[in-house]
Each structure stands twice: as structure tokens, then as C-alpha cells.
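Here is how the chains run, residue by residue.
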Amino acid sequence: PMRFIILFLCVAFLPNAVAHSYHSGETKKVYFITPSDGTTVTNPVKIKFGATGVNIVPAGVDMPDSGHHHLLINVDKLPDLKQPIPADSNHLHFGNGQTETEINLPEGKHTLQLLIGNYLHIPHSEPIISEKIEITVK
């Protein structure tokens, strides 16, 4: 009887296991949930990061299809995508796996862009990078 129970459980949960494997082929994408492109905001600026097809994990965690967010502020030229992403006032690291933040920016127009880094802060061989958005801080 125990063999039948195990067989039943394997068959019952097999479709979920198969369905889950399709997610790994999902398009990897990173985007801003808030703010929206072109909006006017006030300090502190609340920013929420979205991601599909990639697991958001802390830096140092080496898993397939995973990484952590980096917020690029007023960056005209992307950093070398074969090297670790710089850490400075224009390249903020969210190495604890955070998916939102609040920052203060000077009044005026600013561009924001997200870039996923792997466990070593290096962008993936096919970079997972958001569209650049522009916000105005009043």
C-alpha cells in the first residue's frame, strides 16, 4: 500500500514539476513598478523594482537565473558589463536582495535604470537591464 501512495504522490505532483520547468525559459526582464517614466515626485523618492524570469537573491548567492538589483542614477554610459558594477552615488547596490528603496535626489530631472548583477555583482552574459526612465523631483 505504501508504494501506491508514493506512486500516487509522484503522479499527482508531476504536472507541477513539469510546469515549473517552463519558467526557466521565461524572458528575463527587470523594470520599475514605481515611479513611472515622466512622473514628478517628491523626496524621499519611493522606488519599487520588478523582475520576471530572474530570482532576486542576495549578493554571494550563486544560483541559476538569479541576481540582485543595481540602481543606476543619471548614468549616461553603462559600466563595463564584463566587470563588477561600480559602487558609488550613481550605481547603488541592493546586495541584500531588496526590491524597493527610498532615496533623496536633488530637485530637477533624473534618469533611473535597473541592472541585475550576479552573485559577484557582474551583469549576466545577456545583461538584464531595464528601460531608462526619467523623473522630475520637485
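Look up a bit, the structure's there.
Each chain carries its own residue numbering, running from 1 in the written order of its sequence. At least 70 in pLDDT is required for a residue's local features to be given in this predicted model, at least 80 for side-chain atom pairs to be given and counted, and no such filter applies to totals for whole chains, interfaces and linings, which use all residues. Derived side-chain values reflect all non-hydrogen atoms in the structure, with water molecules and hydrogen atoms excluded from consideration.

Draft legend 1. Spotlight on the environment of Ser125. Under the scheme used here, helices are H or I runs from DSSP no shorter than 4 residues and strands are E runs no shorter than 2 residues, and both carry numbers assigned from the N terminus. In this structure, Ser125 sits in the loop between β8 (108-117) and β9 (133-137). For the pair Ser125 and Leu81, spaced 44 residues apart in sequence, the C-alpha separation works out to 8.1 Å.

Draft legend 2. Up close: the pairing of strand β3 (residues 45-52). Both strand β1 (residues 29-34) and β3 contribute to a ladder of five bridges, which runs antiparallel. Residue Tyr31 lies in a different strand from β3, and its bridge partner there is Gly50. Here a strand pair is declared whenever DSSP counts at least two bridges between the two strands. Note: β3 against strand β7 (residues 100-103), four bridges, orientation antiparallel. Bridged to Lys48 within β7 is Glu100.

Draft legend 3. Up close: the pattern of salt bridges. The rule for a salt bridge is simple: a side-chain nitrogen of Lys or Arg has to be within 4 Å of a carboxyl oxygen of Asp or Glu. Summed over the entire model, instances satisfying the criterion amount to three salt bridges. Ionic pairing is found between Asp65 and Lys28, a salt bridge with its closest N-O pair at 3.0 Å. One end of the pair, Asp65, is in the loop between β4 (55-56) and β5 (66-73); the other, Lys28, is in the loop between α1 (2-23) and β1, with 37 residues separating them in the sequence. Here Asp65 falls in the partly exposed class, since its relative accessible area comes to 27%. Notably, a salt bridge pairs Glu102 with Lys46, separated by 3.7 Å at the nearest N-O pair. Taken together, the positions of Glu102 in strand β7 and Lys46 in strand β3 put the pair 56 residues apart, joining distant regions of the chain. Each residue is placed in one exposure class: buried if its accessible area under a 1.4 Å probe, protein chains only, is under 20% of its type's maximum, exposed if it is over 50%, and partly exposed if it falls in between. Using a relative accessible area of 47% as the deciding quantity, one classes Glu102 as partly exposed. The exposure class of Lys46 is exposed, given its relative accessible area of 53%.

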